[in-house]
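Descriptive analysis of the structure
Okay, here's what each chain looks like letter by letter:
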Amino acid sequence: RSSDLHQAIMNPDESSALVDIRSYDNKDRWICSVDLTNGKISELEHQHDDAWIGGPGISEWNEEEGTLFWLNATDFVFQSEVSGYSHLYSMNARTLQKKALTSGQWEVRDPFLSNDKKTIYFIGNKIHPGVRNGYKLDLASNQITALFEGNFGIEWSLSPDEKTWAIRYSTPTRPWELCLAPNKPGEKLIPVTKSTLPGFDQLSIQSPELIRIPASDGKQIYARKYTPAKPNGAAVLFVHGAGYLQNAHHYWSYYQREMLFHQLLIEKGYTVLDLDYRASEGYGRDWRTAIYRDMGNRDLKDYVDAADFLVKNQGVDAKRIGIYGGSYGGFITLMGLLKSPETFNCGAALRAVTDWAHYNHEYTSNILN
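Residues numbered from 1 in each chain as written. Predicted model: local features only at pLDDT ≥ 70, side-chain atom pairs only at ≥ 80, totals over all residues. Heavy atoms only, no water.

Time to look at the packing of helix H3 (residues 298-313) against helix H4 (residues 328-339). Axes are the key here: two packed helices are described by the angle between their axes and the distance separating the axes. It is at 10 Å that the axes of H3 and H4 come closest, and there the two elements cross at 70 degrees. When the axes of H3 and H4 are compared, the pair comes out roughly perpendicular. Of the two possible hands of crossing, H3 and H4 adopt the one that is right-handed. Counted together, Asp299, Leu300 and Tyr303 of H3 and Tyr328, Ile332, Met335, Gly336 and Lys339 of H4 form the full contact between these two elements. (Axes fitted to C-alpha atoms, helices over the stretch in contact; angles between N-to-C directions. Helix = DSSP H or I, 4+ residues; strand = E, 2+ residues; numbered from the N terminus. Parallel < 35°, antiparallel > 145°, perpendicular 65-115°, else oblique. Left-handed = near helix turned anticlockwise from the far one by under 90°. Contact = heavy atoms within 4.5 Å.)

Attention shifts here to the pairing of strand S18 (residues 209-214). The pairing of S18 with strand S19 (residues 220-226) spans 6 bridges and is classified as antiparallel. Its bridge partner being in S19, Leu210 is matched across the sheet by Arg224. (Pairing = 2+ DSSP bridges.)

Further remarks concern the side chain of Arg132. On the secondary structure map, Arg132 appears in the loop between strand S11 (119-124) and strand S12 (133-138). Here Arg132 occupies a buried position and makes no salt bridge, while the nearest side chain of opposite charge, Glu281, is found at 4.1 Å. A polar contact is formed between the side chain of Arg132 and the side chain of Gln246, at a distance of 2.8 Å. Beyond its immediate chain neighbours, meaning those up to four positions away, Arg132 contacts Arg109, Ile123, Gly124, Asn125, Phe152, Gly153, Ile154, Gln246, Tyr251 and Glu281. (Buried < 20%, exposed > 50% of the residue type's maximum accessible area, 1.4 Å probe, protein only. Lys, Arg positive; Asp, Glu negative; His and termini not counted. Salt bridge = Lys/Arg side-chain N within 4 Å of Asp/Glu carboxyl O. Polar contact = N/O pair within 3.5 Å; in protein donor to acceptor, adjacent residues only side chain to side chain.)

Mapped onto the elements of the fold, Lys319 is located in the loop between H3 and strand S22 (321-326). Given the relative accessible area of 70%, Lys319 is considered exposed. Along the chain, Lys319 and Gly233 lie 86 residues apart, while their C-alpha atoms are 9.6 Å from each other.

For the rest of this paragraph, the subject is the sheet that holds S12. Reading across from one edge, S10-S11-S12-S13 is the order of the 4 strands in this open sheet, with antiparallel pairing throughout. Whereas interior strands pair on both sides, the edge strands pair on one side only; in this sheet they are strand S10 (108-113) and strand S13 (143-148). Neighbour to neighbour, the strand axes of the sheet diverge by 25 degrees on average, direction disregarded. Of the pairings in the sheet, the one linking S10 to S11 comprises 4 bridges and is antiparallel in character. Directly across from Arg109, in S11, lies its bridge partner Ile123.

What follows deals with H4. Taking 1.5 Å as the rise per residue, H4 with 12 residues should run 16 Å; its terminal C-alpha atoms sit 16 Å apart, in good agreement. The inward-facing, buried residues of H4 contact strand S20 (235-239), H3, S22, strand S23 (346-350) and helix H5 (361-368). (Expected span 1.5 Å × (residues − 1).)

Right, let's talk about the pattern of salt bridges for a bit. Applying the stated criterion to the full structure yields 20 salt bridges. A salt bridge links Asp286 to Arg285; its shortest N-O distance comes to 3.0 Å. The class of Asp286 is exposed, set by a relative accessible area of 56%. Within the structure, one salt-bridge network assembled from shared partners comprises Asp49, Glu81, Arg285, Asp286 and Arg288.

Counting 38 residues, the largest nonpolar core has Leu237, Leu273, Tyr303 and Tyr328 as the members making the most contacts within it. Sorting the residues of this core by element identifies S18, S19, S20, strand S21 (271-275), H3, S22, H4 and H5 as the ones contributing at least two each. Take this core: its biggest share by element is 6 residues, from H3. Not counting chain neighbours up to four residues away, the residues in contact with Tyr303 comprise Leu237, Phe238, Val239, His240, Leu275, Tyr277, Ile323, Ile332 and Phe344. Membership of the second largest hydrophobic core comes to 15 residues, among which are Leu245, Tyr251, Ile266 and Tyr324. (Core = buried A, V, L, I, M, F, W, Y, C linked by side-chain atoms within 4.5 Å.)

This is the structure in structure tokens:
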């Protein structure tokens, strides 16, 4: 098997190291130990996916490192999607005894170990797929404590003395700002920056309603819905890019220009819908791989189902529905106009991928083999 070896990670007593090995066909990942006295490599953990290995905290084809660190001279921590969602596991490198540290229908992101090696801090979406909240895991009791939890998103960095957090915080209608907070549960964030210009506060920005739309295969699709005060009977559906990206969430959109454009649309009477269609991030392995070797099928059907939902439940005229997006969103727009012209009356395909044979191998090798 052709494979890629990530950086070796030395254990505290420097007697052995961990190495993360990934197959070039993207279907297997091995975590191995390296005996530094003789160079022997021994398999500790094997992960396989009939589609492709991926998910938060798992090494990728582009040399991005996965979660992998030592707790002590024998025990280490890694992430795996074996449960269907990316969670934390510990393993003894000698006995191969494995233990799930987190579990549930949610994902762990960006874990790191405290100085005393008794606590793991991580970002998670426990209460809703569309949040990024802060937690700590006590390794002795396996108890998870919420530090910053609610309908918002954070990114964080802990001070060297582990007493204070530097936090980037945002909501659907407020951009990212820097805050400080003590390293204790339930503490309020103290704002440090105000990055918006005076004119921003004069805007009347409608917070999107986060809803779930029933899909034709029985699944529930998370979506942002913008509802006009005076509906004109027409609707616009937005398709985020990248495929594996999330936009139906409770924090500031990566697509801030499109979000502001949506504010203009609802002022003019349009209903706007923004889906985390099949293969979007934040929803576990099965959602992530639902487009394997079948791009423009199940993901497009989610938009057809969403259009049907608007007609049946929001008073939208079936002949006045448009769709638009960029990159992968442009691809889905073109697929919608070509494969389901009875659903979409018009569309705007921005910087669209029109032939995957012309796209980069790193992206398409996962999805199309």
